Amino acid sequence: MTPDPLMQRFPSSATARLFGQRIIGFDTAKGWVRMSFVATGDFLNPAGSVQGGILGAVLDDTMGPALWLMNGAGAFSATIDLNVSFLAAASPGLLYGEGRVVQLGKTISFLEAHLSDTQGRMVARSTASARMIQPR
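Let us look at the structure shown here. Values in this document were obtained by computation on a predicted structure and should not be read as measured data.

## Here's the deal with the sheet that holds strand β6 (residues 122-133)
Moving on, step 1. Spatially, β1-β2-β4-β5-β6-β3 is the arrangement adopted by the 6 strands of the open sheet, whose pairing is antiparallel. Looking at which strands have only one partner, the edges of the open sheet turn out to be β1 (22-27) and β3 (76-86). Each neighbouring strand pair of the sheet contributes to a mean axis angle of 20 degrees, computed without reference to strand direction.
Moving on, step 2. Where strand β4 (residues 93-103) lies against strand β5 (residues 108-116), 7 bridges are found, and the strand directions are antiparallel. The residue bridging Val101 from the neighbouring strand is Leu111, located in β5.

Structure below.
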């Protein structure tokens with residue numbers, strides 16, 4: 001199988017490395033991406049669940065790549081607003097994120113994502129608006 005040239009240019013960030021981000025699947029035409037993340041013990045709140053701010057950051061790190069992939073690496077996203085709904089406590093371990101572009105605009109795009117655990121239980125979902133930022 002020939003590596004996808006777009007994926008060879010996929011940008012990494014310190015947060016992506018911190019969260020153990022890996023791309024599992026994507027569809028550039030649909031603006032959709034599926035990723036995995038690893039929630040470590042360092043991400044837990046005193047109750048033993050993954051802290052909500054971490055889940056919000058992971059959701060943000062799922063939506064941005066969906067936009068990047070859909071526009072063919074032509075622009076990055078700068079989140080303007082982010083709404084997160086926490087549906088269940090997330091335990092440490094593997095989490096799966098799916099992000100998609102709801103509407104691609106010239107300067108502003110609308111995105112959504114959800115996170116699930118290894119049993120397929122959705123633990124959080126989000127929507128966001130993002131400004132398109134051209135690469136430097």
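## Notes on the layout of surface pockets
Moving on, step 1. Within this model, the largest pocket holds a volume of roughly 270 Å³.
Moving on, step 2. Along the wall of the largest pocket there are 14 residues; nearest its centre are Asp61, Gly64, Pro65, Phe76 and Ser77.
Moving on, step 3. When contributions to the lining of the largest pocket are tallied by element, the ones reaching two or more residues are α3 (52-70) and β3.
Moving on, step 4. The element that contributes the greatest number of residues to the lining of the largest pocket is α3, accounting for 5 residues.

## Some words on the packing of aromatic side chains
Moving on, step 1. The tally for this structure, following the rule as stated, stands at 1 aromatic pair.
Moving on, step 2. Ring plane angle 80 degrees and centroid distance 5.6 Å describe the contact between Phe19 and Phe43, whose orientation is recorded as edge-to-face. Remark: Phe43 occurs in the loop between β2 (32-39) and α3 and Phe19 occurs in the loop between α2 (14-18) and β1; sequence separation between them is 24 residues. Each of the two residues, Phe19 as well as Phe43, counts as buried.

## A word on the pattern of salt bridges
Moving on, step 1. Considering all chains together, one arrives at 3 salt bridges under this definition.
Moving on, step 2. Residue Glu112 is joined to Arg100 by a salt bridge in which the shortest nitrogen-to-oxygen separation is 2.6 Å. Taken together, the residues Glu112 in strand β5 and Arg100 in strand β4 connect sequence positions 12 residues apart.
Moving on, step 3. Given the relative accessible area of 23%, Glu112 is considered partly exposed.
Moving on, step 4. Looking at Arg100, the relative accessible area reads 35%, which means it is partly exposed.
Moving on, step 5. Notably, a salt bridge pairs Arg121 with Asp117, separated by 2.8 Å at the nearest N-O pair.
Moving on, step 6. You can call Asp117 buried: its relative accessible area is 10%.

What counts and what doesn't
Residues numbered from 1 in each chain as written. Predicted model: local features only at pLDDT ≥ 70, side-chain atom pairs only at ≥ 80, totals over all residues. Heavy atoms only, no water. Pairing = 2+ DSSP bridges. Helix = DSSP H or I, 4+ residues; strand = E, 2+ residues; numbered from the N terminus. Axes fitted to C-alpha atoms, helices over the stretch in contact; angles between N-to-C directions. 1 Å grid on protein atoms, 1.4 Å probe; cavity = no way out; pocket = protein on both sides within 12 Å on 5 of 7 lines; lining within 4 Å. Points joined across faces, edges and corners; volume = space filled by probe spheres on them. Phe/Tyr/Trp six-rings, centres within 6.5 Å; stacked < 30°, edge-to-face > 60°. Buried < 20%, exposed > 50% of the residue type's maximum accessible area, 1.4 Å probe, protein only. Salt bridge = Lys/Arg side-chain N within 4 Å of Asp/Glu carboxyl O.

Scope: geometric values only; no functional claims are made or implied.
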